[in-house]
Amino acid sequence: MPNVIVVGTQWGDEGKAKVIDYLTERSHVIVRFQGGANAGHTVIAKDNKFVFHMVPSGIMYPDKTCIVGNGVVFDAEQFLSEVNELRDKSIEVKDRLFVSDQAHLVMPYHKIQDSASEKYKENSQIGTTKRGIGPAYADKAQRIGLRVGDLLNTDALAAKLKANLDLKKTLLENSYGASLNLKFKEVFDSYCAIAEMMRPYVADTARMLHESIRAKESMLFEGAQGTFLDIDHGTYPFVTSSNTVAGAACCGSGIGPTLIDYTVGIVKTYTTRVGNGPFPTELLDDTGELIRAQGQEFGATTGRPRRCGWFDSVMVRKAVQVNGLTHLALTKVDVLNCLEEVKICTHYEIDDEKTEHFPSNPNALERVTPVYESLPGWKEDISECKKLSEMPANAIKYIERLRELCYNIPILIVSMGPERTQTIEIETF
Ligand code: GDP
Ligand code: IMO
Ligand code: MG
């Protein structure tokens, strides 16, 4: 397979991991390039269900190499617990799972800072996952972060940890009126133990990727979150703290854009969002409840109920552009089986003016009225369909209309269930 980036086109949880797992069979190396343990990526394969937060979703295939790139904020405890869980299920990761020595560490004080910062905001909370993501990226930008490579140098680790604990204590007390009950010796000792366990995984992963390129191996880049959680292109400030768009795959892993062949956008055939922020097509009624129940829309990281709404083509058109998508992969079409009619948002009205474009101005976004087109539902189980032509005519019409509204770019995959087998491949690379 060529080199492919996979990203979410909405607010995350589009089913990226299912598609990554499906495409992994034909790739050699699977790379996470941004985000951290805020991601919850569910893979169901051969009666095993895993929710990965740190380990790339390609790990289920025993002969694939998985890499956590430099752009990720790395939660070592979470990573090691996933490795243990994999071992318990006889999935060996030795010599095929690596973490960039340049990835920044999410430390215990980042999680405390994340919670304190949210609490401080009272009525304007982002609704973060409290996994310490924002504070870890902030320290990276401020150039005070600890990196995975620092784990292997005890003196540097001690000095940086001490300085950061002092700084965070002052920050938490003075800015948020919170306390930091972390003792240097305890944190240091626990990270020395973590360092020993991490040693086999730490590598110069950018160099490894270039060796793969020379060996003509193919790379699959696994995005986390979604386009509208991107710190630049998303619904700021209700976003995460990294660039989630396809462009981030290059800087978050250390390869150049000329090496990318295709970019696939994962599109849930309705819309969900966890956390706060604008959501033009949100359904606050029984239909929203029905979709949540049918789609099991509860956060894979925090368990929070996901907000649900109609498919919004205005958003996905923007996602096609900012990611340079070459293909779409449609997921969870089966969830819509339960509906008599299915609506698609075709455009917005803002102050009585029609627009087909997602507003870059957050104030305008607050004034959006979504305009819908209604299509008949199909009310039929589609989860066993093996070809698009086996689907009910109304389901095919829905898929075709959705594609038309998204600049007619090719659909690579249609997914109608969480299992690997519940996948129809429409195009091949
Ligand atoms: P990700 O963060 O984008 O990888 O997605 P999550 O794992 O957070 O959430 C997607 C959920 O939908 C998971 O529970 C998947 O097992 C499930 N899923 C993925 N594709 C499909 C599908 O086509 N149909 C159904 N019913 N479930 C799906
Ligand atoms: P995957 O990869 C859905 C949301 C949080 C919150 C905002 C900021 O599984 O699609 P953060 O903890 O990142 O500072 O929270 O972003 N968020 C996600 N929502 N899926 C995710 O990841 C998310 N990662 C973060 O709910 O609104
Ligand atoms: Mg998820």
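A few points on the structure. The structure presented is a predicted model; accordingly, all values stated were derived computationally and were not measured. (Residues numbered from 1 in each chain as written. Chains lettered and ligands numbered in written order. Predicted model: local features only at pLDDT ≥ 70, side-chain atom pairs only at ≥ 80, totals over all residues. Heavy atoms only, no water.)

So, the pairing of strand S16 (residues 341-350)
The element S16 is extensively covered by neighbouring structure, given that seven of its ten residues are classed as buried. Note that strand S14 (residues 311-312) and S16 share two bridges and pair parallel. The residue bridging Phe 311 from the neighbouring strand is Ile 344, located in S16. Pairing geometry for S16 and strand S17 (residues 353-355), over three bridges, is antiparallel. Across the sheet, residue Ile 350 finds its bridge partner in S17, namely Glu 353. In this structure, the hairpin formed by S16 and S17 is closed by a connection of two residues, where Asp 351 is found at a positive phi of approximately 50°. (Buried < 20%, exposed > 50% of the residue type's maximum accessible area, 1.4 Å probe, protein only. Helix = DSSP H or I, 4+ residues; strand = E, 2+ residues; numbered from the N terminus. Pairing = 2+ DSSP bridges.)

A word on the site of ligand 2
In the region of ligand 2, 20 residues are neighbours, and Lys 16, His 41, Thr 129, Gln 225 and Thr 240 sit closest. Here an oxygen atom of ligand 2 sits 2.8 Å away from a polar atom, N or O, in the main chain of Asp 13. A distance of 2.8 Å separates an oxygen atom of ligand 2 from a polar backbone atom of Gln 225. A total of 550 Å² of accessible area belongs to ligand 2 in isolation, and the protein chains cover 97% of it. (Near = heavy atom within 4 Å. Polar contact = N/O pair within 3.5 Å; in protein donor to acceptor, adjacent residues only side chain to side chain. Areas by Shrake-Rupley, 256 points an atom, 1.4 Å probe, with all protein chains shown as cover.)

Observations concerning the packing of helix H3 (residues 108-121) against helix H5 (residues 154-176)
The N-to-C vectors of H3 and H5 enclose an angle of 10°; their axes lie 11 Å apart at closest approach. Classified by the angle between their axes, H3 and H5 sit roughly parallel to one another. Pair H3 / H5 crosses with left-handed handedness. Facing H3, whose interface residues are Tyr 109, His 110, Ile 112, Gln 113, Ala 116, Ser 117 and Tyr 120, H5 presents Leu 161, Asn 164, Leu 165, Lys 168, Leu 171, Leu 172, Ser 175 and Tyr 176. Split into classes, the residues belonging to the contact of H3 with H5 amount to nine nonpolar, five polar and one charged. (Axes fitted to C-alpha atoms, helices over the stretch in contact; angles between N-to-C directions. Parallel < 35°, antiparallel > 145°, perpendicular 65-115°, else oblique. Left-handed = near helix turned anticlockwise from the far one by under 90°. Contact = heavy atoms within 4.5 Å. Nonpolar A, V, L, I, M, F, W, Y, C, P; charged D, E, K, R; others polar.)

Side note on the site of ligand 1
Near ligand 1, the surroundings consist of 19 residues, among which Lys 16, Gly 40, Thr 42, Asp 334 and Ser 415 are the closest. Here an oxygen atom of ligand 1 sits 2.9 Å away from a polar atom, N or O, in the side chain of Asp 13. At a separation of 3.2 Å, an oxygen atom of ligand 1 approaches a polar side-chain atom of Arg 306. Burial of ligand 1 by the protein amounts to 91% of the accessible area it has alone, namely 590 Å². Elements that contribute at least two residues to the shell around ligand 1 include exactly helix H1 (16-24) and strand S3 (41-45). Of the residues in the shell around ligand 1, the class split is six nonpolar, six polar and seven charged. In terms of domain composition, the shell around ligand 1 takes at least three residues from each of domain 1 (4-100 + 202-262) and domain 3 (267-425). (Domains from an automatic or database assignment.)

Some points on the environment of Val 264
Considering the arrangement of structural elements, one finds Val 264 in strand S11 (residues 262-268). On a C-alpha basis, the gap between Val 264 and Arg 307 in space is 24 Å, while along the polypeptide they are 43 residues apart.

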